[in-house]
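Observations on the model geometry
Each chain, letter by letter, is given below.
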Amino acid sequence: MIANLAQLAAEEQQNPLIPAGPELLVGTIAFAIVFFFFWKKLLPNINKVLEERRAAIEGGIEEADAMKVEAQSVLEQYKAQLAEARHEAARLRQEAQEQGATLIAEMRAEGQRQREEIVAAGHAQIEADRKAAAQTLRQDVGRLATDLAGKLVGEALEDHARQSRVIDRFLDELEEKAEAAR
């Protein structure tokens, strides 16, 4: 046990953070081998991969910039076409409104003309009906007056020319009185 205590005392004098000399030498040689291996084998491959990635990223950025410029030009073309289409639509809408207004005016004029024709035809028909009614009325009144006069006198009045003159004179007097009353 004393030997163990002596050995523990000897170990206590040595710093646990600083390794022993042979361990330090073996560690340094192992580190140099690993460092040389990394330096000669891995580091060029890593640099090559990093360079390829950098070139791909820069190429992607350049391609993205080119695509952005192309997209901008396509957008400008689209906006120009859209503005032209809107202008054309406005022009067509204006033409349609003008044609509609012209058509409405033509239809109104045609309707007015037809209305005037119908009114004129109606007036002409009324005038013709009035004349026919007046003629029929003259004949009926003349016949009734002749019959009545014949009954009053007691003999038939057969002279048609005289009857027509008497009837016409009587009706003319009635019309003059009617006009004077107005």
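Residues numbered from 1 in each chain as written. Predicted model: local features only at pLDDT ≥ 70, side-chain atom pairs only at ≥ 80, totals over all residues. Heavy atoms only, no water.

A look at the overall build of the chain
Tallying secondary structure elements over the chain gives three helices and zero strands in all. Listing every helix and strand of the chain by position from the N terminus yields α-α-α. (Helix = DSSP H or I, 4+ residues; strand = E, 2+ residues; numbered from the N terminus.)

Quick notes on the pattern of salt bridges
If you walk through the whole model with that rule in mind, you get seven salt bridges. Across the pair Arg 54 and Glu 58 runs a salt bridge, and its minimum N-O distance is 2.8 Å. With Arg 54 and Glu 58 both in helix α2 (residues 21-153), this residue pair falls four residues apart, about one helical turn. Several salt bridges converge on common partners, so that one network encompasses Glu 51, Arg 54 and Glu 58. (Salt bridge = Lys/Arg side-chain N within 4 Å of Asp/Glu carboxyl O.)

A word on a nonpolar patch on the surface
A cluster of nonpolar side chains, namely Val 34, Phe 37, Phe 38, Leu 42, Ile 46 and Leu 50, defines an oily patch on the protein surface of about 530 Å² accessible area. Looking at the secondary structure, you find Val 34 in helix α2. Classification of Val 34 by relative accessible area gives partly exposed; the value is 42%. (Patch = residues over 30% accessible without salt bridge, like charges linked within 9 Å, V, L, I, M, F, W, Y side chains within 5 Å. Areas by Shrake-Rupley, 256 points an atom, 1.4 Å probe, with all protein chains shown as cover. Buried < 20%, exposed > 50% of the residue type's maximum accessible area, 1.4 Å probe, protein only.)

Let's talk about the packing of aromatic side chains
In this structure the tally under the stated criterion is three aromatic pairs. Within the aromatic cluster, the residues linked to one another by ring pairs are Phe 31, Phe 35 and Trp 39. (Phe/Tyr/Trp six-rings, centres within 6.5 Å; stacked < 30°, edge-to-face > 60°.)

Concerning the confidence of the model for the chain
Summary statistics for the chain give a mean pLDDT of 83 and a share of 82% for residues scoring 70 or more. Of all the helices and strands in the chain, helix α1 (residues 2-13) carries the lowest mean pLDDT, 58, while α2 carries the highest, 88. (pLDDT = per-residue confidence, 0-100.)

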